[in-house]
Amino acid sequence: MKDHQKAFIELAIQYEALKFGEFTLKSGRISPYFFNAGAFNTGEALAKLGEFYAEMIKENELSFDMLFGPAYKGIPLVSSTVSALYNKYHQNYPWSFNRKEAKDHGEGGMIVGSALQGDVLLIDDVMTAGTAIRESIELIEKAGAKPACVVLMLDRQERGRSELSAVQEMRQNYGLTVCSLISMGDLISYLEASGDNIETLENMKKYRDQYGV
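The rules behind the values
- Residues numbered from 1 in each chain as written.
- Predicted model: local features only at pLDDT ≥ 70, side-chain atom pairs only at ≥ 80, totals over all residues.
- Heavy atoms only, no water.
- Axes fitted to C-alpha atoms, helices over the stretch in contact; angles between N-to-C directions.
- Helix = DSSP H or I, 4+ residues; strand = E, 2+ residues; numbered from the N terminus.
- Parallel < 35°, antiparallel > 145°, perpendicular 65-115°, else oblique.
- Left-handed = near helix turned anticlockwise from the far one by under 90°.
- Contact = heavy atoms within 4.5 Å.
- Nonpolar A, V, L, I, M, F, W, Y, C, P; charged D, E, K, R; others polar.
- UniProt positions renumbered as here; feature names shortened; annotations may be inferred.
- Buried < 20%, exposed > 50% of the residue type's maximum accessible area, 1.4 Å probe, protein only.
- Polar contact = N/O pair within 3.5 Å; in protein donor to acceptor, adjacent residues only side chain to side chain.

**Here we look at the packing of helix 1 (residues 3-14) against helix 2 (residues 43-59)**
In step 1: In the contact formed by helix 1 and helix 2, the axes pass within 11 Å of each other and the chain directions differ by 155 degrees. Between helix 1 and helix 2, the crossing angle belongs to the class labelled roughly antiparallel. The crossing of helix 1 and helix 2 is left-handed. Only Glu44, Ala45, Lys48, Leu49, Phe52, Glu55 and Glu59 of helix 2 make contact with helix 1, whose side of the interface consists of His4, Ala7, Phe8, Leu11 and Gln14.
In step 2: Here the residues of the contact of helix 1 with helix 2 sort into six nonpolar, two polar and four charged.

Structure, rendered in structure tokens:
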């Protein structure tokens, strides 16, 4: 595990964005962990998230012309990421986000910020069913731009309705590059290295065996 991945997991635990226990998911599955990006609710947390995203983008040598954050959680994430890319790497990218409902006065439309154009990098927190990303892809393509890559905080690495995960389906169906800061496998590696909670580690492994890809 890389240093920035360990640092991200520890930040998530600090802010209780990552919790271990027993949680009933929307799918009905009983998960041994729960991730809520909305818990990163301070200036410190948001600044660090932007730096984590920027580092992942540079590490994976992603090629794009602008960044896009799907409403709602993607809005602070994309804004902190473009700031980090500028402050840390001196790269100045345009960015935008969408409204949930079209505005019929003022500038109007669905998009706030820079016009969608060229190759677009999408930023989100966790891809469960991939609904927000699919809606974003439609918006981007309708504007004449091209969805190029997706960056996430967490890849749960578990099956959706098919034998593939949402991330694998996105790669297969849309040909997108999809990167994540951490995966469920990384969480298991972190627990193994810490050696603090054997019961949680065993529950994570059982869950992966049952639902993982």
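From this point, the narrative continues.
**Observations regarding the UniProt feature "binding site: orotate" (unreviewed entry) in the protein chain**
In step 1: As annotated by UniProt and renumbered to match this structure, "binding site: orotate" (unreviewed entry) occupies Phe34, Phe35, Thr128 and Arg156. Spanning 123 residues, the named residues nonetheless gather at one spot, since no C-alpha pair among them exceeds 12.2 Å.
In step 2: Structurally, the position occupied by Phe35 is in strand 2 (residues 30-35).
In step 3: The residues touching Phe35, leaving out its near neighbours within four places in the chain, are Phe8, Ala12, Ala17, Leu18, Phe40, Val126, Met153 and Leu154.
In step 4: Looking at the secondary structure, you find Arg156 in the loop between strand 7 (146-155) and helix 5 (166-174).
In step 5: With relative accessibility at 9%, the residue Arg156 sits in the buried group.
In step 6: With near-sequence residues (within four places) excluded, Arg156 lies in contact with Leu25, Ser31, Tyr33, Val126, Met184 and Tyr207.
In step 7: A distance of 3.1 Å separates the side chain of Arg156 from the side chain of Ser31, its partner in a polar contact.

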